[in-house]
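Take a look at the letters that make up each chain.
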Amino acid sequence: MSEPIYARYRSAFAQALAKALNSPVEEVEPQVKPAEAAHGDLTFATFHLAKAQRKAPPAIASALASSVSVPGLEIVPAGPYVNARFALTPFTAEVIDAARAEGRSYGSAESGRGKTVVIDYSSPNIAKPIAYHHIRSTVIGHSLANLYRSQGYRVEGINYLGDWGKQFGLVAAGFEEYGDPSRKGDLAHLVEVYIKANDRAEREPAFDDRARDFFRRMEAGEAVALSFWREVRESSVRELEKIYARLGVRFEHYQGESLYQGKTEAVIEEIARTVGVKQSQGALIVDMPYAEGEPPVLLKKADGSTLYATRDLAAAIDRHQRFGFDRSLYVISTDQSLHCRQFFGVLERMGKEWADRLVHVNFGRVHGMSTRKGKIELLNDVLDEARNRALEKVKENILAGRIHTADPEGLAEQIGVGAIVFGDLKNRRITDYTFDWEDVLSMEGHSGPYLQYAHARACSILEKGRPPAGYEAGRLTLPEEQALVRTVARFPIAVREAVEQDEPSVVARHLLDVAAAFSRWYTLGNQDRSKRVLVEEDDSLRGARLALTDAVRATLASGLSLLGVATPEEM
RNA sequence: GCGCCCGUAGCUCAGCCGGACAGAGCAUCGGCCUUCUAAGCCGAGGGUCACAGGUUCGAGUCCUGUCGGGCGCGCCA
């Protein structure tokens, strides 16, 4: 909750340097950087001072090092650098105590206290299946919601369902041709129908017109059309909720595009008043482009029905009125960058001073999937396969007597889903990837199960020995122990960066470092019993190691929770 | 054609606001179950950081151009 230990030392070092240099700390602080492990923990390069001081960098560094002193830091010059290393004490105890005190919320902060963030995520088009690639917006948005919440923000997560638009016309027209009336509530069947209808509409303009007309009738409020829409929407939402339950995702709001039917007229009128609108080729467009050389924003089709840009504008205005957000995130695929720039731009031209609080949190595409062509993997199927694979290993471990769970299926679900979720979050958002079964189901190396396993091992050790009330952190002198303490210390920094960049992968990557450092450490005990956590005949050492193990458990549990990955205690 | 994004080991990707020798996982090869659970650990090989200029004391990182790839560019969302 307080400032991260790591950041505290960094800023103390920066202040001492600033004082010695007689420069403002704001200038020095950005120059203090994390050092490579071999050189220490923090480093300050002196090259840029050489010209002003008319001295060689190494001379500056060594003079500086001898005039700077910070309690808890060992400061030494190394060529042109001034390096600082955290002393064994009190640093080790400070880090371990902080992690243990905060437990599963280690890394939380107050920077968002009193602020509100709206996060639009998942937001699938319904009447289409929830396919594997919908995982991206869903898990990225979910993790961002957790991350912002951890920094004290009030989070309003919105599932902005694509529940209004021509796709319903396609399903309706398709249903008349290919549908089985007894399966109107069967989403899988509707998907087949959608794919056929879409294919036909591309080849046959008359069929496309039928779809378009059906949507026009929906907007006109025709009872028959709306009743079909309602039925499809409800069965879709039911299916979606099963998936969300598996992923542990809960939205503050389900507010789809349909909510804004009937509210678009007022928005169009406001645009007309502030920016201006005009007819173009029968359609209604924003008069002034939102930017030079870019295409216009369409508000209404020639037949008078609305487009999603219109509804997005209405939704943005509505959200601002209701939540008064400080930030409003749109977790949407990068292929909609233009659309986002456009409707953000229109809001700005309308004079909405809050338009610059809207952020397109874009992410790369999953290749090898197209709903239109029917080449898709359903998310449910992928999760099932992951669970099944995990279950084999769970059964194996039960048979070998390594674990004793009463609920193998539930455990396998946690592991399988964790693999899929983490597999998506470990890469930077913007990265594209091609769907590959082996890849998404991977449970070794840099994977969710790898992290869960490290966490489970920590739990298992702590089951066999409880950390004592007091312990001597100074006993943790192994290089592997010190390396581990440092990764634990940096965790809160990673959380903060993840929020600053709207990038959950920063936390994901850092957790891999924590788990790797922990695995390396506890594996030492395989060969050398004196390096076990539960070392015999040295209560003081064992106590310190247990405390460190507990800090690691807290770090992994916190990080995995922030990512939306389960933290089983054995596996 | 115009706009946005990307181009780092065989494959998938990290690389912070430019700074000390370019890292990890997978795959390959070789070790470690007399293990606090081997979903683990250790070691080896493997890279002109697409290419060419520029800025800088210093560029994988910033700027320009070229090439290659992805996406987008009016009545789908």
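What you are looking at is a predicted structure, and each value in this text was computed from that prediction instead of being measured. (Residues numbered from 1 in each chain as written. Chains lettered and ligands numbered in written order. Predicted model: local features only at pLDDT ≥ 70, side-chain atom pairs only at ≥ 80, totals over all residues. Heavy atoms only, no water.)

Colleague: I'd love a proper account of the overall build of chain A, names of residues and values included.
Modeller: A tally of regular secondary structure across chain A gives 20 helices and 14 strands. Taking all 571 residues of chain A together, 54% fall into the buried category. Considering only contacts within chain A whose residues lie at least 6 apart along the sequence, 75% involve residues at least 24 apart. Roughly 24900 Å² of accessible area belongs to chain A as shown, and the carbon and sulfur atoms make up 49% of that amount. Separation of charge centres in chain A, based on 72 positive and 79 negative side chains, amounts to 2 Å. (Helix = DSSP H or I, 4+ residues; strand = E, 2+ residues; numbered from the N terminus. Buried < 20%, exposed > 50% of the residue type's maximum accessible area, 1.4 Å probe, protein only. Contact = heavy atoms within 4.5 Å. Areas by Shrake-Rupley, 256 points an atom, 1.4 Å probe, with all protein chains shown as cover. Lys, Arg positive; Asp, Glu negative; His and termini not counted. Charge placed at Lys NZ, Arg CZ, Asp CG, Glu CD.)

Colleague: Describe the pairing of strand β11 (residues 327–333), with residues and values.
Modeller: Looking along a regular strand, one sees side chains alternate from face to face of the sheet. Across the seven residues of β11, six count as buried, placing the element largely inside the fold. Note that β11 and strand β12 (residues 358–363) share six bridges and pair parallel. The residue bridging Ile332 from the neighbouring strand is Asn362, located in β12. At this point the chain moves from β11, through helix α13 (residues 337–349), to the parallel β12, and the crossover so formed is right-handed. (Pairing = 2+ DSSP bridges. Right-handed = clockwise from strand over helix to strand, strands pointing away.)

Colleague: For the side chain of Lys300, give the residues involved together with the corresponding values.
Modeller: By the secondary structure assignment, Lys300 is in strand β10 (residues 298–300). Separated by 2.8 Å, the side chains of Lys300 and Glu265 make a polar contact. What Lys300 contacts, discounting residues up to four positions off in sequence, is Glu265, Ile268, Ala283, Leu284, Ser305 and Leu307. (Polar contact = N/O pair within 3.5 Å; in protein donor to acceptor, adjacent residues only side chain to side chain.)

Colleague: I'd like to hear about the protein's contact with RNA strand B, residue by residue, with values.
Modeller: Taken together, 73 residues are adjacent to RNA strand B, and Tyr81, Glu257, Gln281, Lys301 and Lys393 come closest. By atom count, sugar and phosphate contribute 61% of the portion of RNA strand B lying within 4 Å of the protein. At 3.0 Å from a phosphate oxygen of RNA strand B is found a side-chain nitrogen or oxygen belonging to Arg311. Of all the secondary structure elements, the ones that give two or more residues to the surface near RNA strand B are β4 (81–86), α7 (166–178), β9 (283–286), α12 (308–323), α13, α14 (379–399), α17 (448–464) and α19 (505–527). (Near = heavy atom within 4 Å.)

Colleague: Summarise the nonpolar core; cite the residues concerned and give the values.
Modeller: By size, the foremost hydrophobic cluster in this structure holds 145 residues, and its most contacted members are Phe13, Phe44, Ile119 and Tyr132. In terms of residue count, α19 provides more of this core than any other element does, eleven residues in total. In terms of domain composition, this core takes at least three residues from each of domain 1 (5–86) and domain 2 (380–563). Non-local contacts of Phe44, meaning those with residues more than four positions away in its chain, are made with Phe13, Leu17, Leu21, Val28, Gln31, Val32, Leu49, Leu64, Pro80, Tyr81 and Val82. In terms of nonpolar packing, the next biggest core, distinct from the first, is built from 31 residues, Tyr260, Ala309, Ile317 and Ile332 among them. (Core = buried A, V, L, I, M, F, W, Y, C linked by side-chain atoms within 4.5 Å. Domains from an automatic or database assignment.)

Colleague: Tell me about the domain arrangement of chain A, and name the residues and values.
Modeller: Segmenting chain A into domains produces domain 1 (5–86) and domain 2 (380–563). Spacing between the C-alpha centres of domain 1 and domain 2 amounts to 34 Å. Facing the five residues of domain 1 at the interface are five residues of domain 2. Summed over both sides, the interface of domain 1 with domain 2 buries roughly 460 Å², with 56% coming from carbon and sulfur. Asp41 is the partner of Arg486 in a salt bridge, and the nearest nitrogen-oxygen pair spans 2.5 Å. The tally of links between domain 1 and domain 2 comes to two residue pairs in polar contact (both at pLDDT 80 or more). Within the residue set of the side of domain 1 that touches domain 2, elements represented by two or more residues are α1 (5–21) and β4. (Buried area = accessible area lost by both parts, 1.4 Å probe. Salt bridge = Lys/Arg side-chain N within 4 Å of Asp/Glu carboxyl O.)

Colleague: Go over the packing of helix α9 (residues 205–219) against helix α10 (residues 223–247), please, and point to the residues and values.
Modeller: Remark: α9 packs on α10, axes separated minimally by 8 Å, with the N-to-C direction vectors making an angle of 100°. By the criterion of interaxial angle, the relationship of α9 to α10 is roughly perpendicular. Residues Phe214, Arg217 and Met218 of α9 touch α10, and the partners they reach there are Ala225, Leu226, Phe228 and Trp229. Partitioned by chemical class, the residues of the contact of α9 with α10 number six nonpolar, no polar and one charged. (Axes fitted to C-alpha atoms, helices over the stretch in contact; angles between N-to-C directions. Parallel < 35°, antiparallel > 145°, perpendicular 65-115°, else oblique. Nonpolar A, V, L, I, M, F, W, Y, C, P; charged D, E, K, R; others polar.)

Colleague: Describe α13, with residues and values.
Modeller: End to end, α13 covers 18 Å across 13 residues, agreeing with the expected 18 Å (1.5 Å per residue, within 8%). Among the residues of α13, those classed as buried are Ser337, His339, Cys340, Gln342, Phe343, Phe344, Gly345, Val346 and Leu347. Of the surrounding elements, those touching the buried residues of α13 are α11 (264–274), β9, α12, β11 and β12. In the stretch just after α13, Gly351 is the one whose phi turns positive, near 90°. (Expected span 1.5 Å × (residues − 1).)

Colleague: Go over the packing of α11 against α12, please, and point to the residues and values.
Modeller: It is the contact of α11 with α12, at a shortest axis distance of 9 Å, that shows an interaxial angle of 90°. By the criterion of interaxial angle, the relationship of α11 to α12 is roughly perpendicular. On the side of α11, the interface is formed by Thr264, Val267, Ile268, Glu270 and Ile271, while α12 contributes Thr310, Arg311, Leu313, Ala314 and Ile317. For the contact of α11 with α12, a count of residues per class yields six nonpolar, two polar and two charged.

Colleague: Explain the packing of aromatic side chains residue by residue, including any values.
Modeller: Tallied over the full model, the rule gives 24 aromatic pairs. Judged by centre distance (4.8 Å) and plane angle (80°), the ring pair of Tyr148 and Tyr153 falls under edge-to-face. On the numbers, 5.9 Å between centres and 75° between planes, the contact of Trp164 with Phe215 is edge-to-face. Placement of Trp164 in the loop between β6 (154–159) and α7 and of Phe215 in helix α9 is noted, with a sequence separation of 51 residues between them. (Phe/Tyr/Trp six-rings, centres within 6.5 Å; stacked < 30°, edge-to-face > 60°.)

Colleague: So what's going on with the sheet that holds β10? Residues and values would help.
Modeller: The three strands lie next to each other as β8-β9-β10, forming an open sheet whose pairing is antiparallel. Lying at the two open borders of the sheet, with one neighbouring strand each, are β8 (277–280) and β10. Taking the axes of each pair of neighbouring strands and ignoring which way they run, one obtains an average angle of 40° across the sheet. Relative to β10, β9 runs antiparallel, the two sharing two bridges. For Ile285, the partnering residue across the bridge sits in β10 and is Leu298. With respect to the sheet, α11 is in contact with β8, β9 and β10, its orientation differing from that of β10 by roughly 130°.

Colleague: An account of the pairing of β8 is needed here, citing residue identities and associated values.
Modeller: Bridging between β8 and β9 involves four bridges; their strand directions are antiparallel. Paired with Val277 across the strands is Val286, a residue of β9. A loop of two residues connects β8 with β9, the two strands running antiparallel in sequence, and Gln281 in this loop sits at a positive phi of about 50°.

Colleague: So what's going on with the environment of Asn388? Which residues, and what values?
Modeller: Mapped onto the elements, Asn388 comes out in helix α14. Looking at Asn388, its side chain comes within polar contact range of the side chain of Arg387, at 3.4 Å.

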